[in-house]
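Structure assessment
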Amino acid sequence: MTVAHSHRFSTAVNPINISLLSKQLLQLGRTNNNNSGTFSEISHQRELLVSSLISKLDDCINLNQIKQIHGHVLRKGLDQSCYILTKLIRTLTKLGVPMDPYPRRVIEPVQFRNPFLWTAVIRGYVIEGKFDEAIAMYGCMRKEEITPVSFTFSALLKACGLMGDLNLGRQFHAQTFRLRGFCFVYVGNTMIDMYVKCGSIVCARKVFDEMPERDVISWTELIAAYTRVGNMESAADLFESLPTKDMVAWTAMVTGFAQNAKPQEALEYFDRMEKSGIRADEVTVAGYISACAQLGASKYADRAVQIAQKSGYSPRDHVVIGSALIDMYSKCGNVEEAVNVFVSMNNKNVFSYSSMILGLATHGRAQEALDLFHYMVTQTAIKPNTVTFVGALTACSHSGLVDQGRQVFDSMYQTFGVEPTRDHYTCMVDLLGRAGRLQEALELIKTMSVEPHGGVWGALLGACRIHNNPDIAEIAAEHLFELEPDIIGNYILLSNVYSSAGDWGGVLRVRKLIKEKGLKKTPAVSWVVDKNGQMHKFFPGNLNHPMSKKIEDKLEELVERLTALGYQPDLSSVPYDVSDNAKRLILIQHTEKLALAFSLLTTNRDSTIKIMKNLRMCQDCHMFMRLASEVTGRVIIVRDNMRFHHFRSGACSCGDFW
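Residues numbered from 1 in each chain as written. Predicted model: local features only at pLDDT ≥ 70, side-chain atom pairs only at ≥ 80, totals over all residues. Heavy atoms only, no water.

What follows covers helix α22 (residues 386–399). With 14 residues, α22 extends 20 Å from end C-alpha to end C-alpha; this agrees with the ideal 20 Å at 1.5 Å per step. Of all the 14 residues making up α22, ten are buried; the element is thus mostly covered by neighbouring parts of the structure. Within the sequence span of α22, burial applies to T388, F389, G391, A392, L393, T394, A395, C396, S397 and H398. Elements that come into contact with the buried residues of α22 comprise α20 (350–362), α21 (366–379), α23 (402–416) and α24 (422–434). Where α22 begins, the capping side chain belongs to N385, and its oxygen is found 3.0 Å from the backbone nitrogen of V387. Backbone geometry just downstream of α22 places G400 in the positive-phi region, at approximately 70 degrees. (Helix = DSSP H or I, 4+ residues; strand = E, 2+ residues; numbered from the N terminus. Expected span 1.5 Å × (residues − 1). Buried < 20%, exposed > 50% of the residue type's maximum accessible area, 1.4 Å probe, protein only. Contact = heavy atoms within 4.5 Å. Polar contact = N/O pair within 3.5 Å; in protein donor to acceptor, adjacent residues only side chain to side chain.)

What follows is the structure, given as structure tokens:
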């Protein structure tokens, strides 16, 4: 589409349509010797009438009221007043009245339409979502040789952004210079927004850099755009150069860092915001809570609750904050507190339920998660969304509930009209794969209604690792290497499958491939928070911790006690062709074991031990934690990159199904 495109639009004027006011003025000009005084008086009365009608339009709350005023406009001979008709059309638009037929017909009898009247019509079509009609009206306007004003381009650029039509947006951008060279701030802001929505952040930045004058919206629009594409470095640079930082700008940075998996930076910017005297709003607090959830440490959870209360956002009365706290407590290993928040909320929405369902699922409380799901869909008016179904399917997957998982999956579209996404298929493949139905999972992938992404094939490859199936693993890996050629975890998973099957030749081939691609393995790390709130990180075989010797001695003591219960290291958890003694040494230095020994040394005997890990826990560490909970009498909670494991009295919440 080009801006020259237009629809046929009548510009004819009824020849008998002469205003009453014009007749009066003509008569007065012929009969009154003191013409200037009479003309001035009538003009003043006309101005008062127009002002009164404009005021009445501001007070209109329905179509009938507007029609009554429109009738008054016609009776008073103001049907040619572009000023009052522009206001009339804008009021109709504000009340959501469709542009066809009424508002559009309002301007047809007008003989000399000014740019503001045309702009009101164009804007009305844009707001209604009829972008083609808006562009057509612009074509009619230009045919009448009416020069657009800045508001015209604001409406048209907004339409281009909503359509995602970059080429058309560029045409209007060019016309702003060719026709008048507009340099108004709000036009520049609309251009930035248009380019951002059309996916051209480079052009948006160029507009920003060339604007002679900017306001805080100019800055925050571009900052938010950078955060959405994950370019936090550019966002931060722009933010630091912002002369006056308001709450919106701070919020963009806090939420941007949180959404881009940079929680520590999010907390730092929030602290800076507080020190600058800016009061956080609900969105900023929710962003802070999200960052705390990613860190997974209880000390941050306590701080988040304090901030929410200090800012006046009680989870009891603010559903956004309540939902965020549910997610945070679940990710910090305290699902009981998440339940308490959920129960206390006066109002709940689909996000509250979804967060709680997913929280219960990741903590191994599958039946509670499914009970809550069924309660929501049968006892409330809240309709489940895609996230709700991810939670319900995750509950089934983590507990091996294949039949229930099928029922939930089938009900998505059949009962609730929710189209399954790739994430839902990932859950189903994971469910079938964990249950050992690898061929069935592969067949499901082949019949997917959408193209499978890396998550789907990754779930299948992970299941092949559990059940030692190199044949299907090779099929999954082939697709993964094509979709995600630089994700080293896929290569390691395939290598582990070969290792479990004793195919060391396959292991060497994968390692050679990793080396050729120059991929680097993500180092394992586990972390805990001591009683003083300080975080301690542990890396494989890292002996640099101040308590390294005590940690080593504690582990030796613990291994002796576990061996008495029948513990034997699971050497298959080491995917290397080395001696058994070397494998035992590697296993005892796994990061979660180091974190456990440190916690046993530094925490009270009646306190719960919480360990966070960035990678999936291996089979040997899972068995080690389960037995350690029995011999020490401690509750041990481990969060890996898949789920939470609650070890208590020699048993795990996952039921050893993971």
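Viewed as axis vectors pointing N to C, α20 and α21 meet at an angle of 160 degrees, and their least axial separation amounts to 7 Å. By the angle class used here, α20 and α21 are roughly antiparallel. Judged by the twist between their axes, the crossing of α20 over α21 is left-handed. On α21, the residues that touch V350, Y353, M356, I357, L360 and A361 of α20 are A366, E368, A369, L372, F373, Y375 and M376. (Axes fitted to C-alpha atoms, helices over the stretch in contact; angles between N-to-C directions. Parallel < 35°, antiparallel > 145°, perpendicular 65-115°, else oblique. Left-handed = near helix turned anticlockwise from the far one by under 90°.)

Right, let's talk about the pattern of salt bridges for a bit. A side chain of one charge can pair with a side chain of the opposite charge if their charged atoms are brought near each other. Summed over all chains, the structure comprises 23 salt bridges. Between K549 and D553 there is a salt bridge whose closest N-O contact spans 2.9 Å. In this pair, K549 and D553 are both assigned in helix α30 (residues 548–564), four residues apart and thus about one turn of the helix distant. For K549, a relative accessible area of 55% corresponds to the exposed category. Among the ionic contacts, a cluster of salt bridges with common partners joins D271, E274, R303 and K310. (Salt bridge = Lys/Arg side-chain N within 4 Å of Asp/Glu carboxyl O.)

Ranked by internal contacts, the top residues of the largest apolar core, which has 165 residues, are I122, F172, M253, M328 and L460. Examining the composition of this core, we find that eight residues originate from one element, helix α16 (residues 282–295), more than from any other. Dropping the residues within four chain positions of it, I122 is found in contact with A134, M137, Y138, M141, T152, A155 and L156. Counting residues in each nonpolar core, the second largest holds 28 residues, with L562, Y567, L596 and M617 among its members. (Core = buried A, V, L, I, M, F, W, Y, C linked by side-chain atoms within 4.5 Å.)

With that settled, consider unusual backbone geometry. A cis amide bond, omega 5 degrees, links D100 with the succeeding residue P101. Relative to the assigned elements, P101 resides in the loop between α4 (82–94) and α5 (102–107). With a phi angle near 50 degrees, N468 is a residue other than glycine that sits in the positive phi range. Mapped onto the secondary structure, N468 falls in the loop between α26 (454–467) and α27 (470–483).

To continue, consider the sheet that holds strand β3 (residues 609–613). Spatially, β2-β1-β3-β4-β5-β6 is the arrangement adopted by the six strands of the open sheet, whose pairing is mixed. Looking at strand neighbours, the two that pair on one side only are β2 (535–538) and β6 (651–652), the edges of this open sheet. Across four bridges, the pairing between strand β4 (residues 636–639) and strand β5 (residues 644–648) is antiparallel. If you follow R639 over to β5, its bridge partner there is F644. (Pairing = 2+ DSSP bridges.)

The subject of this paragraph is the environment of N346. By the element assignment, N346 lies in the loop between α19 (335–344) and α20. Sequence separation between N346 and V635 is 289 residues; the distance between their C-alpha atoms is 32 Å. Beyond its immediate sequence surroundings of up to four residues, N346 is in contact with R316 and D317. Within the structure, N346 has its side chain in polar contact with the side chain of D317 (distance 2.7 Å).

To continue, consider the confidence of the model for the protein chain. Residue-level pLDDT values for the protein chain average 88, and 92% of them are 70 or greater. Below pLDDT 50 for its whole length, residues 4–36 participates in 42 contacts with residues either more than four positions away or in separate chains. (pLDDT = per-residue confidence, 0-100.)

Taken together, the side chains of F116, F151, F184 and Y186 present a nonpolar region at the surface, about 400 Å² in accessible area. Along the chain, the position of F151 falls in helix α8 (residues 150–163). For F151, a relative accessible area of 46% translates into the label partly exposed. (Patch = residues over 30% accessible without salt bridge, like charges linked within 9 Å, V, L, I, M, F, W, Y side chains within 5 Å. Areas by Shrake-Rupley, 256 points an atom, 1.4 Å probe, with all protein chains shown as cover.)

For any pair of aromatic rings, geometry is given as the distance between the ring centres together with the angle between the planes. Counting across every chain of the model gives 17 aromatic pairs. Where F538 meets F598, the ring centres are 5.5 Å apart and the plane angle is 50 degrees; that geometry is what we call tilted. Of the two residues, F538 is situated in strand β2 and F598 in helix α32 (residues 591–602); the sequence distance between them amounts to 60 residues. Each of the two residues, F538 as well as F598, counts as buried. Three or more aromatic residues joined by ring pairs form one cluster here, namely F239, W250, F257 and Y269. Above the face of the Y269 ring, R272 is positioned so that its terminal group lies 4.9 Å from the ring centre. Above the plane of the ring of Y498 lies R509, whose end atom (NZ or CZ) is 5.7 Å from the centre. (Phe/Tyr/Trp six-rings, centres within 6.5 Å; stacked < 30°, edge-to-face > 60°. Lys NZ or Arg CZ within 6 Å of the ring centre and 35° of its normal.)

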